[in-house]
Amino acid sequence: IYSCCYLSRRLNQLSSHDPLWKRHCKKYWLISEEEKSQRNQSWKAIFISTYSDLGRYIRYYATLKKAWDDLEKYLGQRCPRMIGSLKESVREEDLDAVEAQIGCKLPDDYRCSFRIHNGQKLVVPGLMGSMALSNHYRSEDLLDIDTAAGGFQQRLGLKQCLPLTFCIHTGLSQYMALESVEGRNKYEIFYQCPDQMARNPSAIDMFITGTSYLEWFTSYVNKVVTGGYPIIRDQIFRYVHDKECVATTGDITVSVSTSFLPELSSVHPPHYFFTYRIRIEMSKDALPEKACQLDSRYWRITNAKGDVEEVQGPGVVGEFPIISPGRVYEYTSCTTFSTTSGYMEGYYTFHCLYYKDKFFNVTIPRFHMVCPTFKVSTVRMVSGDAAVLILETNHNEYAVDEDEDSTDTDEYEDRRRVLDIPAPSGRCPRHT
């Protein structure tokens with residue numbers, strides 16, 4: 001008995017040793033020395049009080065809090081207007097009330113994130129990234145919990161799916177599946193894509209963007225804060241740049257970043273829409289007489305089946321930019337494939353301004369475009385009321401239902417009208 005009492009006394013003394021709780025406060029709750037001083041409590045008291053409030057999220061809190069802190073710090077210097085749109089955290093009771101309202105449990109990582117920030121106001125620009133192409137514009141807001149609950153789906157095709165984002169301009173959302181139904185995995189995140197060739201209007205294909213809220217949100221934040229996505233005019237643009245996708249010819253360097261646009265793409269029919277952003281830069285150390293003007297471009301476009309298309313034309317996006325030492329010229333264009341992947345490469349032809357008879361080519365590096373992994377609708381009407389089970393499609397496979405690979409702008413818009421797909425609000429110059 002004496003030994004047991006002694007052991008309990010020693011354990012009690014050990015558990016009251018405040019420096020031991022400091023490590024746990026910093027590891028699980030990211031409590032700083034400054035915050036401790038402001039609270040005027042012991043490390044043990046801080047840990048216990050925080051655990052009583054956020055204990056169910058101990059697996060996720062530190063990761064999500066760091067992601068939010070990093071995002072706020074990074075955007076605070078570059079996009080202060082966007083930071084001002086963030087909403088304060090919600091209470092446990094608010095999240096419980098939403099679960100009761102929709103009749104589904106919310107995943108703990110999602111709940112945890114909303115205990116830190118309750119999404120953002122419906123404003124532009126959106127926290128989850130923008131995309132601009134000719135007159136087509138998308139900017140996705142991270143929905144607050146009440147707006148998300150109001151958009152909770154019970155209809156066939158999107159049954160038990162909760163919207164995470166929303167674009168005011170296009171109506172586009174990313175959804176999270178709260179149950180494993182209709183071929184989706186629980187907590188999978190995706191863009192919806194109506195199956196235009198199915199007779200059943202509830203046939204919804206999906207472009208997968210995440211396997212869980214934690215993975216989806218933190219991977220996006222990491223892309224932003226490491227400079228993986230460029231900040232352009234106070235907005236996050238979701239262009240992906242491959243560091244190896246750079247080519248230098250003499251004093252001129254060309255680099256390319258790409259992006260997949262789900263709102264202009266479809267699985268059935270196979271039509272995958274990509275945009276690319278090209279940066280042309282002349283070294284600041286180049287001699288002044290190296291100044292030159294772009295005359296034309298040449299493209300070699302190859303799809304996943306190995307079909308090749310060649311395109312030549314004057315200028316780029318209707319312009320003939322002049323490049324001089326230290327100057328940068330950037331432009332955006334687009335392409336479409338009937339296969340899930342493809343690549344482009346080519347060259348620009350320039351003439352020297354000081355020696356007008358001197359022409360030379362500048363290499364455009366090969367850049368690849370691959371659509372996200374997608375799943376097709378589990379039920380597609382093939383004849384009458386008959387239904388067929390369609391399995392998940394791997395993003396490395398390609399479709400073979402189209403005779404041509406890519407299309408020019410006019411043909412692209414005409415095809416969308418025939419299939420009753422809403423045409424985009426503007427046109428994009430293709431292969432420029």
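Rules used throughout
- Residues numbered from 1 in each chain as written.
- Predicted model: local features only at pLDDT ≥ 70, side-chain atom pairs only at ≥ 80, totals over all residues.
- Heavy atoms only, no water.
- UniProt positions renumbered as here; feature names shortened; annotations may be inferred.
- Patch = residues over 30% accessible without salt bridge, like charges linked within 9 Å, V, L, I, M, F, W, Y side chains within 5 Å.
- Areas by Shrake-Rupley, 256 points an atom, 1.4 Å probe, with all protein chains shown as cover.
- Salt bridge = Lys/Arg side-chain N within 4 Å of Asp/Glu carboxyl O.
- Helix = DSSP H or I, 4+ residues; strand = E, 2+ residues; numbered from the N terminus.
- Buried < 20%, exposed > 50% of the residue type's maximum accessible area, 1.4 Å probe, protein only.
- Core = buried A, V, L, I, M, F, W, Y, C linked by side-chain atoms within 4.5 Å.
- Domains from an automatic or database assignment.
- Contact = heavy atoms within 4.5 Å.
- Polar contact = N/O pair within 3.5 Å; in protein donor to acceptor, adjacent residues only side chain to side chain.
- Axes fitted to C-alpha atoms, helices over the stretch in contact; angles between N-to-C directions.
- Parallel < 35°, antiparallel > 145°, perpendicular 65-115°, else oblique.
- Left-handed = near helix turned anticlockwise from the far one by under 90°.
- Nonpolar A, V, L, I, M, F, W, Y, C, P; charged D, E, K, R; others polar.
- Expected span 1.5 Å × (residues − 1).
- Arc of directions from axis to C-beta.
- Pairing = 2+ DSSP bridges.

Looking at an unreviewed UniProt entry, one finds the protein named F-box only protein 3, with Fregata magnificens as its source organism. Taken from UniProt, the Subunit (unreviewed entry) comment for the protein reads in full: "Part of a SCF (SKP1-cullin-F-box) protein ligase complex SCF(FBXO3) consisting of FBXO3, SKP1, CUL1 and RBX1. Interacts with PML, interaction is direct and takes place either alone or within the SCF complex." If you open the UniProt record of the protein and go to Pathway (unreviewed entry), you find "Protein modification; protein ubiquitination."

Peer 1: Honestly, a nonpolar patch on the surface in this entry has me stumped. Any pointers?
Peer 2: A cluster of nonpolar side chains, namely L122, V124 and I168, defines an oily patch on the protein surface of about 240 Å² accessible area. Counting through the fold element by element, I168 comes out in the loop between β4 (165-167) and β5 (174-177). On the basis of relative accessible area, I168 is assigned to the partly exposed category, the value being 44%.

Peer 1: Before we go on, may I ask you to explain the nonpolar core in this structure?
Peer 2: The tendency in soluble globular proteins is for nonpolar side chains to be buried as a group. Membership of the largest hydrophobic core comes to 51 residues, with the highest contact counts inside it found for L75, L106, Y110, L127, Y213 and F217. Secondary structure elements with two or more residues in this core: α2 (18-29), α4 (43-54), α5 (61-78), α7 (92-102), α8 (108-114), α9 (145-150) and α10 (213-225). Of the residues forming this core, the biggest block, seven residues, is contributed by α5. Lining this core are residues from two domains, each supplying at least three of them: domain 1 (8-56) and domain 2 (60-222). Each residue touching Y213, except ones within four places of it in the same chain, is listed here: L64, D109, Y110, S113, F114, L142, L164, M176 and I189. Within the second largest apolar cluster, 38 residues are counted, among which are C167, F207, V316 and V376.

Peer 1: How do you make sense of unusual backbone geometry when you look at a structure like this?
Peer 2: Glycine aside, the phi torsion of most residues is negative, and most peptide linkages are trans. Between V124 and P125 the backbone carries a cis peptide bond, its omega angle lying at 5 degrees. Tracing the backbone shows P125 in the loop between α8 and β1 (130-133). Backbone geometry at L30 places phi at a positive 55 degrees, although glycine is not the residue there.

Peer 1: Please clarify how the side chain of R115 should be interpreted in this entry.
Peer 2: Mapped onto the elements of the fold, R115 is located in the loop between α8 and β1. There is a polar contact of 3.0 Å between the side chain of R115 and the side chain of D53.

Peer 1: Explanation requested: the packing of α5 against α10 in the structure shown.
Peer 2: In a packed pair of helices, the relevant descriptors are the angle between the two axes and the axis-to-axis distance. Remark: α5 packs on α10, axes separated minimally by 10 Å, with the N-to-C direction vectors making an angle of 30 degrees. Judged by the inter-axis angle, α5 sits roughly parallel to α10. Here α5 and α10 pass one another in a crossing that is left-handed. Every residue of α10 that contacts α5 at T63, L64, A67, W68, D70, L71, Y74 and L75 is listed here: Y213, L214, F217, T218, V221, V224 and V225. Class assignment of the residues belonging to the contact of α5 with α10 gives a composition of 12 nonpolar, two polar and one charged.

Peer 1: Please explain α10 as it appears in this structure.
Peer 2: In an α-helix, one full turn covers 3.6 residues, which means residues spaced three or four apart are oriented alike. Between the first and last C-alpha of α10 there are 18 Å, a value that for 13 residues agrees with the 18 Å anticipated at 1.5 Å per step. Listed in full, the buried residues belonging to α10 are Y213, W216, F217, Y220, V221 and V224. When α10 is viewed along its axis, its buried side chains cluster within an angular range of 120 degrees and face the same direction. Looking one or two residues past α10, G227 carries a phi angle of roughly 80 degrees, positive in sign.

Peer 1: Quick question: what am I supposed to make of the pairing of β1 here?
Peer 2: Regular strands show a simple pattern: their side chains alternate between the two faces of the sheet. Sheet topology note: the β1/strand β2 (residues 136-142) ladder contains four bridges and is antiparallel. Pairing of A132 across the sheet is with Y137, part of β2. Counting the residues between successive antiparallel strands, the hairpin from β1 to β2 contains two residues, one of them, S134, with a positive phi of roughly 50 degrees.

Peer 1: Explain the sheet that holds β2 to me, please; I cannot follow it from the model alone.
Peer 2: The strands making up a sheet associate through hydrogen bonds between their backbones, and the pairing can be parallel or antiparallel. With antiparallel pairing, the three strands of this open sheet are ordered in space as β1-β2-β4. The open sheet terminates on both sides in strands that have one partner only, identified here as β1 and β4. Sheet twist, expressed as the mean angle between neighbouring strand axes with direction ignored, is 20 degrees. Bridge analysis of β2 against β4 gives three bridges, and the strand direction is antiparallel. Looking at β4, one finds that E140 is bridged to C167.

Peer 1: Where do I start with the packing of α2 against α4 in this structure?
Peer 2: At a minimum axis distance of 8 Å, the contact between α2 and α4 shows a crossing angle of 35 degrees. Classified by chirality, the crossing of α4 by α2 is left-handed. On α4, the residues that touch D18, W21, K22, H24, C25, K26, Y28 and W29 of α2 are W43, K44, I46, F47, T50, Y51 and L54.

Peer 1: Would you take a moment to explain the environment of A291 for this structure?
Peer 2: For A291, the location among the structural elements is in the loop between β12 (272-282) and β13 (292-303). Residue classification places A291 among the buried positions, given a relative accessible area of 7%. It is 4.3 Å that separates the C-alpha atoms of A291 and S324, two residues lying 33 residues apart in sequence. What A291 contacts, discounting residues up to four positions off in sequence, is M282, I323, S324, C352, L353 and Y354.

Peer 1: Quick question: what am I supposed to make of the sheet that holds strand β19 (residues 374-375) here?
Peer 2: In space, the five strands of this open sheet follow the order β3-β5-β6-β7-β19, with antiparallel pairing throughout. Unpaired on one side and paired on the other, β3 (161-163) and β19 mark the two borders of the sheet. Where strand β7 (residues 204-210) and β19 come together, two bridges link them in antiparallel fashion. Opposite F207, over in β19, you have F374 as the bridge partner. Where α10 meets the sheet, its contacts fall on β5, β6 (189-194) and β7, and the angle it forms with β7 comes to roughly 65 degrees.

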